[in-house]
Amino acid sequence: MRSAVRDYVAEYSRHYEGGTVKEEVTDMSDSQYATELNQCPPPIKLVGILATTTTHAVSNENCHENYDNDTHGNERYSEQIATCCSSDGIIYEPWRVPPTIEALERAIHHANERLDVHGILVFYPLFDKLSNVEAKRRTYKCQDTGVYYRSMDDYFRDLVACQKDVEGYCRKGLRIQKSENDDTDAIGEGDSEHIVKAEELGPIYPCTALAVHKILESFHLSCESLSGVIDGSKQFENITMTIINRSEVLGLPLATMLSNQGATVYSINIDSILQFLPNGKVRREHATTTVEQCVRKSSVIVSGVPSNSFKVPTDWIPENATVINVAAESNFEEEKLSDMAEGVTYVPHVGRVTVAALEYNLMCLHKNYHLK
């Protein structure tokens, strides 16, 4: 993905910053040529919005510094992004704003309106950083629109302009179509609901989910492009997978993408197990179905549980399985995995690929919405 981004940035720079322009207008005077260049679009720019009281500048020297309030690793992730963007010719600006609803709203609206900003990344979660008591509640009501949101984070996701949303969060098509009472867990045992097809969603998928998909693609397929993600072909047909996470950041979009490409996916969260089927439906598993049963049936196991104590027992994992950890602390018994006789492919972290997916999404947004 990064190679595609670099090629795109290089071509964009050649065309607009002197390479192609000068060749096409060799009869221009220097003053005319300078005027032409001044009218060219700005470099590709990504803005990262962090709710924090920290004001330090990002630099390569402090990439491994421990931050007192960096509970979710957002500062480290921001610095990874800064390093990669700098290498790939992309401008990255981290905007550190006070942890208040008003400050975050202003920052997002300002980034939406800036013509020189092509992508916006808000670092979540936000609800545990906000001082406003209303933000701590289970649901949040926007005073301007009267719309209720399941969380404060959902409210901020909807503020980001879709044409600048590098995480694709504002695209409601990723969400399961709810039942009348708007509760996924209300699906009865054995009942099913239609889900939106991947080809209807466009090219922007949450970066972590896209990163895991790309890793699986590289392991299971001899394909170096993302064409399967876009056209919805059945690349993972007859493969059973388990994803222990159903967030809109990882589990839900990943299960949607993989099932739309032929996989049968068990989607597990704290209180239910859903099965995403290749025919475009999702159904709730019986209450007697266990996590162990799902894992033992799967040739791919992905886990992103934000808990130091949660571990998937190694004896559940089948031979020759692909195991991917997306949590900050591994959800797997790493030493035991390495000692397994049959070849288990273990991926301990996905951070670098996630940054590549972020750049890829930014490239897609720039090409589709901002390139004149």
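Here, the structure is the one placed above.
Residues numbered from 1 in each chain as written. Predicted model: local features only at pLDDT ≥ 70, side-chain atom pairs only at ≥ 80, totals over all residues. Heavy atoms only, no water.

Right, let's get into the overall build of the protein. In terms of regular secondary structure, the protein is built from twelve helices and 13 strands. Within the span of the protein, comprising 372 residues, buried residues form 51% of the whole. The contacts in the protein between residues at least 6 apart in sequence include a share of 62% that link residues at least 24 apart. Working note: accessible area of the protein is about 18,100 Å², and carbon and sulfur atoms make up 48% of it. (Helix = DSSP H or I, 4+ residues; strand = E, 2+ residues; numbered from the N terminus. Buried < 20%, exposed > 50% of the residue type's maximum accessible area, 1.4 Å probe, protein only. Contact = heavy atoms within 4.5 Å. Areas by Shrake-Rupley, 256 points an atom, 1.4 Å probe, with all protein chains shown as cover.)

Moving on to the pattern of salt bridges. Inspection of every chain in the model, using the stated rule, returns twelve salt bridges. We note a salt bridge from Asp-88 to Arg-6, for which the minimum N-O separation is 2.4 Å. Separated by 82 residues along the polypeptide, Asp-88 in helix H4 (residues 74-88) and Arg-6 in helix H1 (residues 2-16) bring together distant segments of the chain. Notably, a salt bridge pairs Glu-93 with Lys-45, separated by 3.0 Å at the nearest N-O pair. Taken together, the residues span a long stretch of sequence, with Glu-93 in strand E2 (residues 91-97) and Lys-45 in strand E1 (residues 45-51) at a distance of 48 residues. Via salt bridges that share partners, Arg-2, Arg-6, Asp-88 and Glu-359 belong to a single interconnected network. (Salt bridge = Lys/Arg side-chain N within 4 Å of Asp/Glu carboxyl O.)

Okay, the pairing of strand E12 (residues 322-325) next. Of the two faces of E12, the one carrying Thr-322 and Ile-324 and the one carrying Val-323 and Asn-325 are both buried. As judged from the four bridges shared by strand E11 (residues 300-303) and E12, these two strands associate in the parallel manner. Among the inter-strand pairings, Ile-301 is bridged to a residue of E12, identified as Val-323. Here E12 runs beside strand E13 (residues 345-347); their pairing, made up of three bridges, is parallel. Each bridged residue has a counterpart across the sheet, and for Ile-324 the counterpart in E13 is Val-347. (Pairing = 2+ DSSP bridges.)

Our focus in this paragraph is the pairing of strand E3 (residues 119-122). Both faces of the sheet carry side chains from a regular strand, because those side chains alternate between them. The alternating pattern of E3 places Gly-119 and Leu-121 and Ile-120 and Val-122 on opposite faces, both of which are buried. Bridging between E1 and E3 involves four bridges; their strand directions are parallel. Bridging across to E3, Gly-48 finds its partner in Leu-121.

Right, let's talk about the packing of aromatic side chains for a bit. Following the criterion strictly, the structure yields four aromatic pairs and no others. A ring pair is formed by Tyr-155 and Phe-156, whose centres lie 5.2 Å apart and whose planes are at 55°; its orientation type is tilted. Across the pair, exposure class does not vary: Tyr-155 and Phe-156 are buried alike. On the basis of an interplanar angle of 70° and a centroid distance of 6.1 Å, the ring pair of Phe-332 and Tyr-346 is categorised as edge-to-face. Of the two residues, Phe-332 is situated in the loop between E12 and helix H11 (334-339) and Tyr-346 in strand E13; the sequence distance between them amounts to 14 residues. Since its relative accessible area comes to 22%, Tyr-346 is described here as partly exposed. In this structure, Arg-157 is placed above the aromatic ring of Tyr-124, and the distance from its NZ or CZ to the ring centre is 4.6 Å. One cation-aromatic arrangement involves Arg-157 over Tyr-169; the distance from NZ or CZ to the ring centre is 4.8 Å. (Phe/Tyr/Trp six-rings, centres within 6.5 Å; stacked < 30°, edge-to-face > 60°. Lys NZ or Arg CZ within 6 Å of the ring centre and 35° of its normal.)

Time to look at helix H7 (residues 207-220). With 14 residues, H7 should cover 20 Å at 1.5 Å per step; its first-to-last C-alpha distance of 20 Å lies within 8% of that length. Looking at H7, one finds that the buried residues are Cys-207, Thr-208, Ala-209, Leu-210, Ala-211, Val-212, His-213, Lys-214, Ile-215, Leu-216 and Glu-217. (Expected span 1.5 Å × (residues − 1).)

Ranked by internal contacts, the top residues of the largest apolar core, which has 56 residues, are Leu-46, Ile-81, Met-241, Leu-254 and Leu-258. If near-sequence neighbours (up to four positions away) are discounted, Leu-254 is found in contact with Ala-209, Val-212, His-213, Ile-243 and Val-302. If you look at the next biggest cluster of nonpolar residues, it comprises 22 residues, including Ala-51, Trp-95, Val-97 and Tyr-155. (Core = buried A, V, L, I, M, F, W, Y, C linked by side-chain atoms within 4.5 Å.)

Bringing the packing of helix H5 (residues 101-113) against helix H6 (residues 152-159) into the picture now. Where H5 meets H6, the closest approach of the two axes is 10 Å, and the angle between their N-to-C directions is 25°. Judged by the inter-axis angle, H5 sits roughly parallel to H6. Read as a crossing pair, H5 and H6 show a hand that is right-handed. Note on element contacts: H6 touches H5 through Met-152, Tyr-155, Phe-156 and Leu-159, opposite Ile-101, Leu-104, Glu-105, Ile-108, His-109 and Asn-112. (Axes fitted to C-alpha atoms, helices over the stretch in contact; angles between N-to-C directions. Parallel < 35°, antiparallel > 145°, perpendicular 65-115°, else oblique. Left-handed = near helix turned anticlockwise from the far one by under 90°.)

Attention shifts here to unusual backbone geometry. Between Tyr-124 and Pro-125 the backbone carries a cis peptide bond, its omega angle lying at 0°. With respect to the secondary-structure elements, Pro-125 resides in the loop between E3 and strand E4 (140-141). Positioned with a positive phi, Asn-238 is a non-glycine residue whose angle comes to about 70°. Mapping Asn-238 onto the fold places it in the loop between helix H8 (227-231) and strand E7 (240-244). Phi is positive for Asn-320, close to 65°, though the residue is something other than glycine. Tracing the chain through its elements places Asn-320 in the loop between E11 and E12. Asn-320 sits in the exposed class, given a relative accessible area of 51%.

What follows covers the environment of Cys-294. Residue position: Cys-294 is located in helix H10 (residues 291-297). Classification of Cys-294 by relative accessible area gives buried; the value is 1%. Once residues lying within four places of it in the same chain are set aside, the contact partners of Cys-294 are Thr-242, Tyr-266, Ile-268, Ile-273 and Thr-289.

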